[in-house]
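# Reading the structure
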Amino acid sequence: MSRLPPLIALAVAILVPLLPGLPPFWVTLLDYIGLYAIVAIGLVVLTGVGGMTSFGQAMFVGFGAYTTAILTTRYGISPWATLPIAVLITACAAYLIGAITLRLSGHYLPVGTIAWNISFYYITGNLDFFRRYDGISGIPPLSIAGISFIDSAKLYYLILLVVVLAILATQNLLDSRIGRAIRALRGGAIAAESCGVDTSSAKIFAFVYAAVLASVSGWLYAHMQRAVNPSPFNIEASIEYLLMAVVGGAGHVWGALLGAGIVTIIKDQLQDLLPKLVGQQGNYEIIVFGVILVAILQTAPDGLWPLIVRPFRRLGKSASRQARAAVEALARREAPQRGNALLEVKGLRKTYGGLVAVNDIDFSVAGGEIVSLIGPNGAGKTTTFNLITGVDRPSAGEVRFGSRAITNLPPRLVARLGLARTFQHVRLIAAMSVIDNVAIGAHLRGHAGALSGIARLDRTEEARLFQEARRQLERVGLLGEADKPATSLALGQQRIVEIARALCLDPTFLLLDEPAAGLRHQEKAALAGLLRKLGDEGVAILLVEHDMDFVMGLCERVIVMNFGSKLAEGTPAEIGRDPAVVEAYLGAVA
Ligand code: ATP
């Protein structure tokens, strides 16, 4: 994206308060826009990128505001000292609340955050400790080196500085290994875990990050208002924060600033205008907000920021990462010994209610071997994959990898051992480019944490991870598509992108679910060539595939499943002439 729209936004933000004759009221409104934007930036990470909807951000604003209000007025602690304390208290509270609430999925997560926010409102409004609904007053203004930020104009530039820092930190975070892990949540937890991402930690981190930004906003708010009470931290405020993020473009950091500006100004104007039109006081702006939200979601589902930056997009320019100088390649795992049993499946069984999806299956795959699992629809092939990779827990039986029992290990720990997989129904992250999707596969080969990402100390490691992603894309013949949105590719190519992502894990064992589906003849031949080469390097491959020409021409051994049981096992030639297999499956396929 061009840097022009953000630079214009920044220049406007710096210059507007300097306009001669600007009423102080507008400067105060700008202060509020900045405060709200800080909260909305957190929601970009949590909701726009991580896909977790929170109606509880006003509560975290309240954590920051009440912490500094209590510490400064009752204990005489300096406002600057209360900032780290407020951040710490909020981070701990958000961690605990997140650990409980983020287990909820679907609609239950937003409902859970609503419940927390309502609780906060009533607790602060009913306990003497928080001075009930009257709140706490007499909070000192911020001052530094004799300059007191008591008036709105001076405070404005401090708030703007915090907004800019929050934007930079968030952009850096989202462009880092941890940022990719948060983005990966959008492709589904199973896909992310299969790349080694600890999805629970990624979710909690995003939740805590958003809460900390909200807390900083609350801290600034308390010293601007110099009084706090429960009203600004109620559920209605949380809805407005979400509205700001959505209107601006929930996936776009600068969109948060835009959304905060639009919603705050419209709300303010409507609060003046509507009572005059209707002839009596009332919260009519809520109704108009609803109409505006529906209109925006209809015309610009991704928010307004993408519409603004679209004309500035630099056409035909490939991602800067393409041009980066070569860096040291990532360390590789030791290749497995060809011929030694790598994966052993013994008596594996899975039942769903009365249905036996996998019925006491035994087989093994050796290093460098290419084995296919075939059978009619519903035979239990994908379930077998899921049992091996930890996505599903077996009802009975054992899976061993190398010398280790991996039965019941979660997918991310299975991935850590060097088992990588693709999915029957492609699981890529639509909002990310091909190369960013592939780089998620290298998650376990990097170590940079969130702080080094935010501080940009991860650049060498990132260059190495992306060099690896490019190498794998080149290997599968899709380097030319690296910068395209992943889901703009044909479905067959998306399957190949998943293979490149799996290869980024540097696997010793690859499980491919219908890799040739949707590919043209030449593409299938190229894929078969790549898989043979991987086999020669010692990588073991187990694939589910319905294309019998592909299977018979590539695999050294074929295992046939039917109704959950193993029907036959042998070389392609043996399987091809097995009457039971011909009757159950090959007759139908031919
Ligand atoms: P296909 O070639 O169509 O993908 P498959 O051989 O991979 O078929 P599975 O997807 O493993 O078959 O399904 C085996 C059986 O288990 C089917 O009858 C399916 O309906 C059932 N099954 C799979 N997953 C579940 C689940 N989560 N809950 C209940 N039943 C399931």
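Our subject in this report is the structure included herewith. (Residues numbered from 1 in each chain as written. Predicted model: local features only at pLDDT ≥ 70, side-chain atom pairs only at ≥ 80, totals over all residues. Heavy atoms only, no water.)

Attention now moves to the site of the ligand. In the region of the ligand, 13 residues are neighbours, and Gly-378, Lys-381, Thr-382, Thr-383 and Gln-424 sit closest. Side-chain polar atom of Asn-377 to an oxygen atom of the ligand: 3.3 Å apart, as the coordinates give it. Here an oxygen atom of the ligand sits 3.1 Å away from a polar atom, N or O, in the side chain of His-546. Surface burial for the ligand is 62%, taken as the share of its 630 Å² of free accessible area covered by protein chains. Secondary structure elements with two or more residues in the shell around the ligand: β6 (355–366) and α14 (381–388). Looking at side-chain class alone, the shell around the ligand contains five nonpolar, seven polar and one charged residues. (Near = heavy atom within 4 Å. Polar contact = N/O pair within 3.5 Å; in protein donor to acceptor, adjacent residues only side chain to side chain. Areas by Shrake-Rupley, 256 points an atom, 1.4 Å probe, with all protein chains shown as cover. Helix = DSSP H or I, 4+ residues; strand = E, 2+ residues; numbered from the N terminus. Nonpolar A, V, L, I, M, F, W, Y, C, P; charged D, E, K, R; others polar.)

Side chains of Ile-14, Leu-15, Leu-18 and Tyr-157 sit close together on the surface and give an oily, nonpolar patch of about 370 Å² of accessible area. One can find Tyr-157 in helix α6 (residues 152–174). Since its relative accessible area comes to 33%, Tyr-157 is described here as partly exposed. (Patch = residues over 30% accessible without salt bridge, like charges linked within 9 Å, V, L, I, M, F, W, Y side chains within 5 Å. Salt bridge = Lys/Arg side-chain N within 4 Å of Asp/Glu carboxyl O. Buried < 20%, exposed > 50% of the residue type's maximum accessible area, 1.4 Å probe, protein only.)

Once that is clear, we can look at the sheet that holds strand β5 (residues 341–352). With antiparallel pairing, four strands are arranged side by side in an open sheet as β6-β5-β8-β9. If you trace the sheet from one side to the other, it starts and ends with β6 and β9 (404–405), each paired once. In terms of strand pairing, β5 meets β6 through eight bridges, oriented antiparallel. Counterpart to Glu-344 in the pairing with β6 is Ser-364. (Pairing = 2+ DSSP bridges.)

Applying the stated rule across the entire model yields 23 salt bridges. Between Arg-475 and Glu-537 there is a salt bridge, and its shortest N-O distance comes to 3.0 Å. With a gap of 62 residues between them, Arg-475 in helix α18 (residues 459–475) and Glu-537 in the loop between α20 (521–536) and β12 (540–544) connect regions that are remote in the sequence. Taking the relative accessible area as the measure of exposure, Arg-475 reaches 24% and is therefore partly exposed. Through salt bridges with shared partners, a single network forms among Asp-175, Arg-456, Asp-458 and Arg-459.

Moving on, we come to unusual backbone geometry. In this structure, Asp-360 is a non-glycine residue whose phi angle is positive, near 50°. Within the secondary structure, Asp-360 is located in strand β6. Given a relative accessible area of 43%, Asp-360 falls into the partly exposed group. Positive phi, close to 50°, is recorded for Phe-563, a residue that is not glycine. When you line up the elements, Phe-563 lands in the loop between β13 (557–562) and β14 (565–570). Take Phe-563: its relative accessible area is 69%, and that puts it in the exposed class.

The full count for this structure, using the stated rule, is four cavities of 30 Å³ or more. If you add up the space inside the largest cavity, you get close to 50 Å³. Surrounding the largest cavity, Ala-191, Ser-194, Cys-195, Ala-420, Arg-421, Phe-423, Gly-441, Arg-501, Ala-502 and Leu-505 form its lining. Among the residues forming the lining of the largest cavity, the class breakdown is six nonpolar, two polar and two charged. (1 Å grid on protein atoms, 1.4 Å probe; cavity = no way out; pocket = protein on both sides within 12 Å on 5 of 7 lines; lining within 4 Å. Points joined across faces, edges and corners; volume = space filled by probe spheres on them.)

So, about the sheet that holds β14. Within a sheet, neighbouring strands are paired by backbone hydrogen bonds and run either parallel or antiparallel to one another. Taken in spatial order, the six strands make up an open sheet running β10-β11-β12-β7-β13-β14, and their pairing is mixed. With partners counted over all chains shown, the strands left at the sheet margins are β10 (419–421) and β14, one partner each. Direction aside, the axes of adjacent strands within the sheet are offset by 20° on average. Its contacts with the sheet place α20 against β7 (370–374), β11 (509–513) and β12, and it is angled at close to 145° to β12. (Axes fitted to C-alpha atoms, helices over the stretch in contact; angles between N-to-C directions. Contact = heavy atoms within 4.5 Å.)

Attention now moves to the packing of aromatic side chains. This structure, assessed with the given rule, holds 18 aromatic pairs. In this structure, Arg-74 is placed above the aromatic ring of Phe-129, and the distance from its NZ or CZ to the ring centre is 4.9 Å. (Phe/Tyr/Trp six-rings, centres within 6.5 Å; stacked < 30°, edge-to-face > 60°. Lys NZ or Arg CZ within 6 Å of the ring centre and 35° of its normal.)

Where helix α3 (residues 57–75) contacts helix α9 (residues 199–225), the axes come no closer than 6 Å and their chain directions differ by 45°. With respect to α9, the axis of α3 lies oblique. Between α3 and α9 lies a crossing of right-handed hand. Mapping the contact onto sequence places Gln-57, Phe-60, Val-61, Gly-64, Ala-65, Thr-68 and Thr-72 in α3 and Phe-207, Ala-210, Ala-211, Ala-214, Ser-215, Ser-217, Gly-218, Trp-219, Ala-222 and His-223 in α9. Here the contact of α3 with α9 is composed, by residue class, of nine nonpolar, eight polar and no charged. (Parallel < 35°, antiparallel > 145°, perpendicular 65-115°, else oblique. Left-handed = near helix turned anticlockwise from the far one by under 90°.)

With that out of the way, let us pick up α3. Taking 1.5 Å of rise per residue, 19 residues should cover 27 Å, and α3 covers 27 Å from first to last C-alpha, within 8% of that figure. Burial of α3 is extensive: 16 of the 19 residues sit out of reach of the surface. Of the residues flanking the end of α3, it is Gly-76, one or two places downstream, whose phi is positive at about 65°. (Expected span 1.5 Å × (residues − 1).)

With 23 residues, helix α4 (residues 79–101) extends 31 Å from end C-alpha to end C-alpha; this agrees with the ideal 33 Å at 1.5 Å per step. Residues of α4 that are buried include every one of Pro-79, Thr-82, Ala-86, Thr-90, Ala-93, Ala-94, Ile-97, Gly-98 and Thr-101, and no others. In this structure, the buried residues of α4 make contact with α3, α5 (108–126) and α9. Regarding α4, its N-cap is Ser-78, as a side-chain oxygen of that residue lies 3.1 Å from the backbone nitrogen of Trp-80 further along.

Another aspect to go through is the side chain of Arg-180. As for its placement among the helices and strands, Arg-180 is situated in helix α7 (residues 177–184). Of the residues examined, Arg-180 reaches a relative accessible area of 5% and is grouped as buried. Sequence-distant contacts of Arg-180, defined by excluding residues within four places in its chain, comprise Leu-174, Met-432, Asp-436, Ala-439, Ile-440, Glu-462, Leu-465 and Phe-466.

All we've got here are geometric facts, nothing functional implied.
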